Amino acid sequence: MTRTVDPEAATATSPQQRVDAWLADFESALAAKDVERAAALFAPTSFWRDLIAFTWNLTTVEGPDGVAGMLREVIDTVGAKGFHTTEEATEADGVTDAWIGFETAVGSGSGHLRLTADGAWTLLTTLYELTGYEEPQNELRPKGVRHGAIKDRVTWQEAREAELNEMGRTRQPYVVVVGGGQGGIALGARLKQLGVPHVVVDRHPRPGDQWRGRYKSLCLHDPVWYDHLPYLPFPANWPIFSPKDKIAEWLEMYTRVMEINYWSSTTCRSASYDADEGEWTVVVDRDGEEVVLRPKQLVLATGMSGKPNVPVLPGQDVFRGEQHHSSQHPGPDRYKDKKVVVIGSNNSSFDICGALWEVGADVTMVQRSSTHIVRSDTLMDLGLGDLYSERAVAAGVTTAKADMIFASIPYRILHEFQTPVYAAIKERDAEFYERLEGAGFRHDWGEDESGLFMKYLRRGSGYYIDVGAADLVANGDVKLAHGQVTELTEDAVVLADGTRLPADVVVYATGYGSMNGWAADLISQEVADKVGKVWGLGSDTTKDPGPWEGEQRNMWKPTKQEGLWFQGGNLHQSRHYSLYLALQLKARYEGIPTPVYGTPEVHHLR
């Protein structure tokens, strides 16, 4: 970004001295509970993003007025002190960058500061551990065994089996997590390390079945450095892009090794909250046995890609062929020489179309609205290479540091950082986009040219990371049709303009609904409406209606329903934000006061 900077002010002291002076002034103002003096240290255009350290919430405040408003509510209890840098501050283009650490009344924090001549431009503060409840790592790791001769010794295996057998019977979990994909597993690992009694329930027979059961060509489109789970990174020889079944095996192994209380073959039937008792009644079917759990906290980790959107169309009952949602697609093998119509033009559609073409199916993609496409190799280099790559690791940017760098850019201005990246992508791959659009594909770069990540954060749809199938569309090997589907006949898909697409098979690659749809199914529509829409920033762009929220709606933070939380997102978000959700749950479990600042109003129900 281009910013106006006073050259004399910028060069009067070293970057480190400027940061030290700002931190000292900030700490002094906080100690004196002088809200106005603290707020005056922020530039007129500025952003403070707090991940539970000051607010027990995930929230961003803007400008000195926003800072002052937040501090008036929290300054009496937060007890923030000991601000210091954790490495030497740097300066570029008039902006000073610094990594910081600090303490609060309840724990240890870390963060990032960007200074300009006008004051703090961005500040990130995060809580990463609770004093007295630190995770048992490194010098705090458990011994594991009791040496000596001990009568009636209980082995690790016996203790583990007892914990699994007692939970939900002779003692209750404090947290029940519904959904055992990567989101639920990551949170379960955090809760285990923090000593929070928990159960993760999932309807599949084995951890990882959420991946095993998908179409056989499915793989991660994000690179390995972006996808590590907490505590246990992938080994150095792990492939850059993981096939689905390899991920499934890793998740199953991880669940066992991290000692997560994971109940497979368990379906959540209902959940209700007793406000007087401050607890949930969660009824599950565990492999044919009804079990009633009474946790204080309920987490829906059912995934933003968990509840399929299946259109209801005239003629679906008379169509003689096979039809299914992409989440139920079995793979291409049995469709050789079949006419397959795939409705949709995002990630799943391209993956499925490409695999069907490979086995000899006659494939037509129906594009209903424009899609943003970015080639995988280009995205890895220009979009992710500085944060998540071997190049980044060699430069000292670990996955944990990359997560913090990404988190340090407030959502309000993130698109300004993304737009130049996608302008470079557009230039590098100009010939590819010319061929694609020449074939009639309707392509876009996002409503403000900010590309894939902003589409993901705003709406969770509308894009494809191209691993080869886009060339099939550009070449005409996969046929392309446009428009809304109005009906099915016995043997065809009919579009709004009257086009008839002969079909033996119809695949609905039509995406997924808001996560609060699971709240409606498991709890009640009243609770789902009380919570409101899950996901999105309020950017007032397509499928992300305003007003501006500042953070992801309802994700990883308190909701309007006491004791109800949402965990999910991609592997990066499941890893990074599970820490803050787990700490919020741990604090409540231990009775640590958690006064929440900034719970947003509900503006949209779905």
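Scroll up for the structure.
On a predicted model such as this, the values are computed, not experimentally measured, just so you know.

Visitor: Just checking my understanding: could you explain the pattern of salt bridges for this structure?
Guide: Two side chains bearing opposite charge may form a pair once their charged atoms approach each other closely. With the rule as written, the count across this model stands at 40 salt bridges. Arg-375 serves as the salt-bridge partner of Asp-471, at 3.9 Å between the closest nitrogen and oxygen. Here the residue Asp-471 occupies a position in helix H16 (residues 469-475), and Arg-375 occupies one in strand E18 (residues 372-375), the gap between them amounting to 96 residues. We note a salt bridge from Arg-575 to Asp-403, for which the minimum N-O separation is 2.8 Å. With Arg-575 in helix H19 (residues 571-589) and Asp-403 in helix H12 (residues 399-407), this residue pair connects regions lying 172 residues apart in the sequence. Since its relative accessible area comes to 5%, Arg-575 is described here as buried.

Visitor: Explanation requested: the packing of aromatic side chains in the structure shown.
Guide: For any pair of aromatic rings, the description rests on two quantities: the centre-to-centre distance and the angle between the ring planes. Counting across every chain of the model gives 26 aromatic pairs. Taking 5.5 Å as the distance between ring centres and 70° as the angle between the ring planes, the aromatic pair formed by Phe-26 and Phe-83 counts as edge-to-face. Of this pair, Phe-26 sits in helix H2 (residues 15-31) while Phe-83 sits in strand E3 (residues 81-85), placing them 57 residues apart in sequence. Overall, the relative accessible area of 10% leaves Phe-83 in the buried class. Judged by centre distance (4.3 Å) and plane angle (15°), the rings of Trp-556 and Tyr-577 are stacked. Note that Trp-556 is positioned in the loop between helix H18 (525-531) and strand E25 (564-566) and Tyr-577 in helix H19, a separation of 21 residues in sequence. Neither Trp-556 nor Tyr-577 differs from the other in exposure class; each is buried. Linked through ring pairs, Trp-22, Phe-26, Phe-42, Trp-48, Phe-54, Phe-83 and Phe-102 together constitute an aromatic cluster. Arg-190 extends its terminal NZ or CZ atom over the ring of Tyr-231, reaching a point 5.3 Å from the ring centre. Directly above the aromatic system of Trp-238 lies the positively charged group of Lys-246, at a separation of 4.3 Å from the ring centroid.

Visitor: Can you walk me through the pairing of strand E5 (residues 95-103) in this structure?
Guide: Along a regular strand, successive side chains alternate from one face of the sheet to the other. A large share of E5 lies buried, amounting to seven of its nine residues. Both strand E4 (residues 90-92) and E5 contribute to a ladder of three bridges, which runs antiparallel. Considered in E5, the bridge of Ala-92 is made with Val-95. Taking the residues that link successive antiparallel strands as the turn, the E4-E5 hairpin has two residues, and the phi of Asp-93 there is positive, at about 55°. In terms of strand pairing, E5 meets strand E6 (residues 107-116) through eight bridges, oriented antiparallel. Looking at the pairing, Thr-96 lines up with Leu-115 of E6. Taking the residues between adjacent antiparallel strands as the criterion, E5 and E6 are bridged by three residues.

Visitor: I'm lost on helix H15 (residues 451-459) in this one. Help?
Guide: Quick reminder: α-helices carry 3.6 residues per turn. Residues three or four places apart thus point the same way. For H15, the buried fraction is high: nine of the nine residues fall into the buried class. Those residues of H15 that sit buried are Gly-451, Leu-452, Phe-453, Met-454, Lys-455, Tyr-456, Leu-457, Arg-458 and Arg-459. Buried residues along H15 sit against E18, helix H10 (376-383), helix H13 (411-428), strand E19 (463-466) and H19. Positive phi appears at Gly-460, one or two residues downstream of H15, with a value of about 70°.

Reading the values: rules and limits
- Residues numbered from 1 in each chain as written.
- Predicted model: local features only at pLDDT ≥ 70, side-chain atom pairs only at ≥ 80, totals over all residues.
- Heavy atoms only, no water.
- Salt bridge = Lys/Arg side-chain N within 4 Å of Asp/Glu carboxyl O.
- Helix = DSSP H or I, 4+ residues; strand = E, 2+ residues; numbered from the N terminus.
- Buried < 20%, exposed > 50% of the residue type's maximum accessible area, 1.4 Å probe, protein only.
- Phe/Tyr/Trp six-rings, centres within 6.5 Å; stacked < 30°, edge-to-face > 60°.
- Lys NZ or Arg CZ within 6 Å of the ring centre and 35° of its normal.
- Pairing = 2+ DSSP bridges.
- Contact = heavy atoms within 4.5 Å.

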